[in-house]
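Chain by chain, the residues run as shown.
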Amino acid sequence: MIELNETHQPELTSWVVSANDESSDFPIQNLPFAIFKRKDTAENFRAGVAIGEHIVDLKAAHKAGVFSMELTPLLKTLYKPRLNKFMSKGRAAWSALRLELSRALRSGSDAQAQLESCLVPQTHAEYKVPARIGDYTDFYTSINHATNVGKLFRPDNPLLPNYQWIPIGYHGRSSSIEVSGHGFHRPHGQLKAPDADTPKLAPCKRLDYELEVGIYIGSGNKLGHAIDLDQAEDHVFGLCVFNDWSARDIQAWEYQPLGPFLSKSFASTVSPWIVTMEALAPYRQAWSRPSDHPQPLPYLESHDNRNAGAVDMHLEVLLQTAKMKADGVAAERVALSNFNQSYWTISQMVAHHSVNGCNLKPGDFFGSGTQSGTSPDSVGALLEATEGGKNPITLSNGEKRTFLEDGDTVVLNGWCDSENAPRIGFGTAEATVLPAINT
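Residues numbered from 1 in each chain as written. Predicted model: local features only at pLDDT ≥ 70, side-chain atom pairs only at ≥ 80, totals over all residues. Heavy atoms only, no water.

## Quick notes on the sheet that holds strand S3 (residues 54-57)
Pairing in this open sheet of five strands is antiparallel, and the strands run S4-S3-S2-S1-S5 from one edge to the other. Looking at strand neighbours, the two that pair on one side only are strand S4 (119-121) and strand S5 (125-128), the edges of this open sheet. The average undirected angle you get between the axes of adjacent strands in this sheet is 50°. Strand direction decides the pairing type here: S3 and S4, joined by three bridges, are antiparallel. Within S4, the residue paired with Val-56 across the bridge is Leu-119. (Pairing = 2+ DSSP bridges. Helix = DSSP H or I, 4+ residues; strand = E, 2+ residues; numbered from the N terminus. Axes fitted to C-alpha atoms, helices over the stretch in contact; angles between N-to-C directions.)

What follows is the structure, encoded as structure tokens:
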């Protein structure tokens, strides 16, 4: 696990004044990465780091002479329109750049004059998915979610026998992962009503969000070589907020025997920023498994994983209907949960994914699976909140939802805070449901 160092000191402040606001997602203790360019320009996309309301243009900062010569080969990887090459360099390289950035951005830094011209207001920027995602695996790590969904279909036996032994996952579609701020059309697929003899092709009627954490792989492993549990996080670059939209009615007809297909491949949404594992060090917590549950097999068990495998990361779902938007009403919270309730840890996901020799590559992506708490207001999907569509939720303006309607905008937020460390955030993963395209 990553140890605390000078970049985590809670008393640090920045000469970028907006970074010192206690409500900011991006204080100097965070320094997350994104790929950006200025809006409405022909600029190339390149890497940036968030600080307060601004972005440090890393290419410009390098050319301004802010960084040491030793970092030159590393910094040139950040000229590229994706972070994969930088991510491949490993934890020591990521940490070295983070340290120099932290020192350059601190109050009283001699680098202020050089860096001020390298700042771009976030309101002037547009983003794209920060890595070229070669492969995407969606896990199913929330036992609360798995139990709630299982009860809808198997009331007497909600969890299948393998759930408490294996970090369950499936191979997803990476080409339809988009960055926050997009819209997507309601998907078509085969639907079959319980009383119908044959299915029909039609637009999805039971569209849902899924509140997830996204996990970006950094340095990979060789084909045939498993990653040990206690080295697993050396291969993880960082986390984001992730919405893995689901078409529940398409899924119900297609998922047996091989699992989701068209019900999941039409759209997924990531927040623009990747918060590094190093930035998350102050927010790590002990992970445990109830004593009356099966305990992990040896390759998924270690002292370090037990001691600090969990991440205390708050996760929030906000919903804004088309009517709310027209009336000038802000999106309202419909769920709040925490990633620290995950049944499986990040390290366990990585170790299990590679135990058969599977080679992970820089930029590969994991979804944590829907993260749900134990109370009705902490569930990460409408499928759970409405008990399969039986009990609609009611919004503050009186509108009801069983599943999402055209024009609905869903906003996911994530943040960490503690008594001993400042709040750091992940930005938002936001997207809007557009009407189905006629076929």
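## Some remarks on empty space enclosed by the protein
Applying the stated criterion across every chain, the model contains two cavities of 30 Å³ or more. In this structure, the largest cavity spans a volume of roughly 70 Å³. Taken together, Ile-2, Arg-91, Trp-94, Ser-95, Glu-233, Val-236, Phe-237, Thr-276, Met-277 and Glu-278 make up the full set of residues lining the largest cavity. Every element with two or more residues in the lining of the largest cavity is listed here: helix H4 (91-105) and strand S14 (236-243). The element contributing the most residues to the lining of the largest cavity is H4, with three residues. For the lining of the largest cavity, the class distribution of residues is five nonpolar, two polar and three charged. Space inside the second largest cavity adds up to approximately 50 Å³. As for the second largest cavity, its lining consists of Trp-287, Gly-309, Ala-310, Val-311, Phe-339, Asn-340, Ser-342, Trp-344, Thr-345 and Ile-346. Residues belonging to the lining of the second largest cavity are distributed by class as follows: six nonpolar, four polar and no charged. (1 Å grid on protein atoms, 1.4 Å probe; cavity = no way out; pocket = protein on both sides within 12 Å on 5 of 7 lines; lining within 4 Å. Points joined across faces, edges and corners; volume = space filled by probe spheres on them. Nonpolar A, V, L, I, M, F, W, Y, C, P; charged D, E, K, R; others polar.)

## Quick word on the pairing of strand S13 (residues 211-217)
Of all seven residues making up S13, seven are buried, and the element is well covered by its neighbours. Side-chain alternation along S13 places Leu-211, Val-213, Ile-215 and Ile-217 on one buried face and Glu-212, Gly-214 and Tyr-216 on a second face that is also buried. Note: S13 against S14, seven bridges, orientation antiparallel. For Tyr-216, the partnering residue across the bridge sits in S14 and is Gly-238. Sheet topology note: the S13/strand S22 (residues 365-367) ladder contains three bridges and is antiparallel. Note that in S22 the partner of Ile-215 across the bridge is Phe-366. (Buried < 20%, exposed > 50% of the residue type's maximum accessible area, 1.4 Å probe, protein only.)

## Quick look at the layout of surface pockets
Computed from the structure, the largest pocket encloses a volume of approximately 1,300 Å³. Forming the boundary of the largest pocket are 45 residues, of which Tyr-140, Val-149, Phe-153, Gln-251 and Tyr-255 lie nearest the centre. Put simply, the parts of the chain that give the lining of the largest pocket at least two residues each are strand S6 (136-139), helix H6 (143-153), strand S7 (169-172) and helix H7 (248-254). Looking at the lining of the largest pocket element by element, the count peaks at six residues for H6. The residue makeup of the lining of the largest pocket, split by class, is 22 nonpolar, ten polar and 13 charged. What lines the second largest pocket is simply Phe-26, Lys-39, Gly-52, Gln-122, Thr-123, Ala-125, Tyr-127, Ser-180, Pro-272, Trp-273, Gly-427 and Thr-428. Contributions of two or more residues to the lining of the second largest pocket are made by S5 and strand S26 (421-434). Residues that form the lining of the second largest pocket fall into these classes: five nonpolar, six polar and one charged.

## Considering the packing of aromatic side chains
Going through the model one piece at a time under the given rule, you end up with 16 aromatic pairs. Consider the rings of Tyr-343 and Trp-344, whose centres lie 5.8 Å apart with planes at 85°: the pair is edge-to-face. Residue classification places Tyr-343 among the buried positions, given a relative accessible area of 5%. The rings of Phe-33, Phe-86, Trp-94 and Phe-237 are connected pair by pair, giving a single aromatic cluster. (Phe/Tyr/Trp six-rings, centres within 6.5 Å; stacked < 30°, edge-to-face > 60°.)

## Points about the sheet that holds S26
Sheet strands line up and pair through hydrogen bonds in the backbone, either parallel or antiparallel. The five strands are arranged S9-S26-S25-S20-S21 in an open sheet whose pairing can be described as mixed. Each end of this open sheet is capped by a strand with a single partner; those strands are strand S9 (182-185) and strand S21 (332-338). Across the sheet, the mean angle separating the axes of adjacent strands is 20° when strand polarity is ignored. Examined bridge by bridge, strand S20 (residues 314-320) and strand S25 (residues 409-418) share seven bridges and lie antiparallel to one another. Bridge pairing in S25 places Leu-315 opposite Gly-414.

## Observations concerning unusual backbone geometry
Cis peptide bonds are those with omega within 30 degrees of zero, and the linkage from Gln-256 to Pro-257 qualifies with 10°. Assignment of secondary structure puts Pro-257 in the loop between H7 and strand S16 (268-270). If you check the backbone angles, Leu-31 has positive phi at about 60° while not being a glycine. Here Leu-31 shows up in the segment before strand S1 (33-38). On the basis of relative accessibility, which here comes to 2%, the residue Leu-31 falls in the buried class. Notably, Asp-40 is not glycine yet its phi reads approximately 55°, a positive angle. Note that Asp-40 resides in the loop between S1 and strand S2 (46-51).

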